[in-house]
Amino acid sequence: MNDSSPYIALDRVSQVFTTTDRDRVEALADVSVSVRRNEFVAVVGPSGCGKSTLLRIVAGLLQPSAGSVQIAGREVVEPHDDIGIVFQRPTLLAWLRVIDNVLFPLVHKYGRTDAGQRLHAEALLATMGLEAFANRMPDELSGGMQQRVALARALVQDPHILLMDEPFSALDALTRDIMALEVLRVWEERPKSVIFVTHSIPEALLLSDRVVVMTARPGRIAEVVDVNLARPRGLATMGDPLFNELSQRLRAHILGTIPAVA
Amino acid sequence: MKRIFRSSGWWPPLVTLATIAVLWQGSCQLFQIPPYLLPSPGNIVTAAQSLSVGQWFGDFIATMVVVILGYLLAIAVSIPLAVLLTASRLLSQTVVPLLVIVQSTPIVAIAPIIVVTLGAGVLPRVLITCLITFFPLVVSTTTGLRATPPELIELSRSLRAPRYREYTQIRLLYAIPYIFSALRISVTLAVIGAVVAEFVAAQEGLGYLILFSTSQLHVAMAFAALVVLVSSSLALYGIVTLLQGLLFPWSVPKRALP
């Protein structure tokens, strides 16, 4: 496949929810965005801008009210399994050891795993620095470690697409930074098309190739910013003058989308 | 509540019980209360000794058979029912009102009707026990199945796994703490159910022994049977708690992380 052609393409996607008292809530309005193969796209915006809805639509868990989604040229009409999802909370299974939590998608889908898959899962845990914890139970791990297990779980099928829904928002600031660098490293080792939803501008800039800025109610795309920071990136990237410039620009944009502040 | 049950050892409750027994014995003797009004602990022990171990064992087993069968029947009915109620909104809407009606019916009131319909064997007693026991099980299991984080259900859907595995590998296990807290309540309810059933129709069992003894004004014997019933109920509660710890150690809240 041509590297510049869109791998994930959303075409004028709208989503309207009808609440119980028959109010119509417009979560997404006319959203068109595309993600190239192995591109890292961050989505930032205020709460309630339909970012999570967007991820669910890409995953095929939700059918848009209007518009369409294509992945690798095929229309998405149902959930498809070439996707790994990392949620806001780790949501590990308390009754499974860490290694079995990583293997869970395979056990859940096929009912079994083979030795090769076990090795792969162990390698993933090693990548996350968790090889010593493979046989622990999830509640013996810190929040950051649990979220790393959840990331390993999302990667165990080696999917082409990784969807991350504010994956670090439940973590403390220090752990967040460590996790962001971790994701950066994992993505550079095993490139994937990533859609990364976040509230954090520095996080979005550090990780992504492009930042999609959204407005709230209804969720619309306000701007798409190219992040032309050199790769591989790391802590030093945050000292780059371009990083600060983009950060200022995004901040102005996001604050501008909130009517009360503007 | 859990902490009260767990952390205090065996001694404080035993000391409390012993103190009550001594005060009880003392007051009975001091005020010369007739044993048919309130038998003293001494009277109760004497009454208990008037039956052979074999006779006690027979009544104990008769009651326990009803308790265990009714309890197991309730589990066998309520957990699959809870799964169905979680899986189907339509079923939930049609069956739940029916369940509430059953639960609102005083079982003591319909027990004689059940006995008339089903005869005086073990079956009606098991059914009465089951009726008293199963409602908290259904409610609690359904709550647990529905409390499963939506992310895990989305994960299951996105994997396009067979639908039954959403239950066998996620929801039912997630519900385990809910199921066991209901199982603990239900096992004591099962003892109540069995006694109620024996009051209505039985020629054996500890409930029957209480009914028979009081009709003869042999109140001390009724108290002796009551002590055995309460002890059995506590033992069953303990066994269920123990089973949870053995089968699903992860579901027992830890006091401190290692």
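Keep in mind it's a predicted model, so treat the numbers as computed, not measured.

What counts, and where the lines are drawn
- Residues numbered from 1 in each chain as written.
- Chains lettered and ligands numbered in written order.
- Predicted model: local features only at pLDDT ≥ 70, side-chain atom pairs only at ≥ 80, totals over all residues.
- Heavy atoms only, no water.
- Pairing = 2+ DSSP bridges.
- Helix = DSSP H or I, 4+ residues; strand = E, 2+ residues; numbered from the N terminus.
- Axes fitted to C-alpha atoms, helices over the stretch in contact; angles between N-to-C directions.
- Contact = heavy atoms within 4.5 Å.
- 1 Å grid on protein atoms, 1.4 Å probe; cavity = no way out; pocket = protein on both sides within 12 Å on 5 of 7 lines; lining within 4 Å.
- Points joined across faces, edges and corners; volume = space filled by probe spheres on them.
- Nonpolar A, V, L, I, M, F, W, Y, C, P; charged D, E, K, R; others polar.
- Phe/Tyr/Trp six-rings, centres within 6.5 Å; stacked < 30°, edge-to-face > 60°.
- Buried < 20%, exposed > 50% of the residue type's maximum accessible area, 1.4 Å probe, protein only.
- Lys NZ or Arg CZ within 6 Å of the ring centre and 35° of its normal.
- Buried area = accessible area lost by both parts, 1.4 Å probe.
- Salt bridge = Lys/Arg side-chain N within 4 Å of Asp/Glu carboxyl O.
- Parallel < 35°, antiparallel > 145°, perpendicular 65-115°, else oblique.

Visitor: Any chance you could break down the sheet that holds strand β8 (residues 193–198) of chain A for me, citing the residues and the numbers?
Guide: Residue and element names in this part refer to chain A. Across the sheet, which stays open at both edges, the 6 strands sit in the order β6-β7-β8-β3-β9-β10 with mixed pairing between neighbours. Looking at strand neighbours, the two that pair on one side only are β6 (83–86) and β10 (220–226), the edges of this open sheet. For this sheet, the mean inter-axis angle between neighbouring strands, taken without regard to orientation, is 15 degrees. The pairing of strand β7 (residues 161–165) with β8 spans 5 bridges and is classified as parallel. Within the sheet, the bridge partner assigned to D165 lies in β8 and is V197. In this fold helix α7 (residues 241–256) packs onto β3 (40–44), β9 (210–215) and β10, with an angle of close to 175 degrees to the strand it touches most, β10.

Visitor: So, the layout of surface pockets: which residues are in play, and what are the values?
Guide: Residue and element names in this part refer to chain B. Its volume calculated, the second largest pocket comes out at about 370 Å³. Lining the second largest pocket are 13 residues, and of these L17, A21, W24, I44 and V227 sit closest to its centre. Of all the secondary structure elements, the ones that give two or more residues to the lining of the second largest pocket are α2 (11–30), α3 (41–49) and α12 (219–247). Ranked by the residues each element gives to the lining of the second largest pocket, the list is headed by α12, at 6 residues. Residue composition of the lining of the second largest pocket, grouped by class: 12 nonpolar, 1 polar and no charged.

Visitor: Explain the packing of aromatic side chains residue by residue, including any values.
Guide: Tallied over the entire structure, the rule returns 8 aromatic pairs over all chains. When the centroid spacing of 5.8 Å and the interplanar angle of 50 degrees are considered together, the rings of F40 of chain A and F196 of chain A count as tilted. In this pair, F40 of chain A sits in strand β3 while F196 of chain A sits in strand β8, placing the two residues 156 residues apart along the sequence. Judged on exposure class, the residue F40 of chain A and its partner F196 of chain A are both buried. Note on Y208 of chain B and F212 of chain B: the rings are 5.9 Å apart at their centroids and 25 degrees apart in plane angle, and the pair reads as stacked. Of this pair, Y208 of chain B and F212 of chain B both sit in helix α11 (residues 206–215), 4 residues apart, roughly one helical turn. In this structure Y208 of chain B comes out as partly exposed when scored by relative accessible area, which is 24%. A relative accessible area of 40% places F212 of chain B in the partly exposed class. What links up through ring pairs into an aromatic cluster is the set F40, F168, W187 and F196 of chain A. R37 of chain A extends its terminal NZ or CZ atom over the ring of Y7 of chain A, reaching a point 4.5 Å from the ring centre.

Visitor: Residues and numbers for the interface of chain B and chain A, please.
Guide: Interfaces are often sized by the amount of accessible area the parts lose when they come together. The interface of chain B with chain A comprises 23 residues on the first partner and 25 residues on the second. Summed over both partners, the interface of chain B with chain A comes to about 2,200 Å²; 62% of that surface belongs to carbon and sulfur atoms. Of all residues in chain B, E151, L159 and R160 of chain B bury the most surface against chain A, accounting for 28% of the area lost on that side. Across the chain B-chain A interface, the total number found is 3 salt bridges. R56 of chain A is the partner of E154 of chain B in a salt bridge, and the nearest nitrogen-oxygen pair spans 2.5 Å. Counting only elements with at least two residues in the side of chain B that touches chain A, the list comes to α8 (150–158) and α9 (163–174) of chain B. Its residues placed into classes, the side of chain B that touches chain A shows 13 nonpolar, 3 polar and 7 charged.

Visitor: How would you explain the environment of G144 of chain A if you had to name every residue and give the values?
Guide: All names here are of chain A. Mapped onto the elements of the fold, G144 is located in helix α4 (residues 143–155). For G144, a relative accessible area of 8% gives the class buried. C-alpha separation for the pair G144 and L174, spaced 30 residues apart in sequence, amounts to 9.9 Å. Once you skip the residues sitting within four places of it in the chain, G144 turns out to touch L171, T175 and M179.

Visitor: Tell me about the pattern of salt bridges, residues and numbers included.
Guide: Residue and element names in this part refer to chain A. Using the criterion set out here, one finds 22 salt bridges over all chains in the structure. When the shortest N-O distance is used, the salt bridge between K109 and D81 registers 2.7 Å. Placement of the pair is K109 in helix α2 (residues 98–110) and D81 in the loop between β5 (74–75) and β6, with a sequence separation of 28 residues. Between E189 and R185 there is a salt bridge, with its nearest N and O atoms 3.4 Å apart. Remark: R185 and E189 occur in helix α5 (residues 173–189); sequence separation between them is 4 residues, near one turn of the helix. Exposure remark for E189: the relative accessible area of 47% places this residue in the partly exposed category. Residues joined in a network through salt bridges with shared partners are R148, E182, R185 and E189.

Visitor: Explain the packing of α3 of chain B against α12 of chain B to me, and be specific about the residues and the numbers.
Guide: For any two helices packed against each other, the geometry is given by the interaxial angle and the distance between the axes. Residue and element names in this part refer to chain B. Packing of α3 against α12 brings their axes to within 8 Å, and their N-to-C directions diverge by 85 degrees. In terms of their interaxial angle, α3 and α12 are classed as roughly perpendicular. Between α3, through N43, I44, A47 and A48, and α12, the contact on the second element is made entirely by A220, M221, F223 and A224. Along the lines of polarity and charge, the residues of the contact of α3 with α12 split into 7 nonpolar, 1 polar and no charged.

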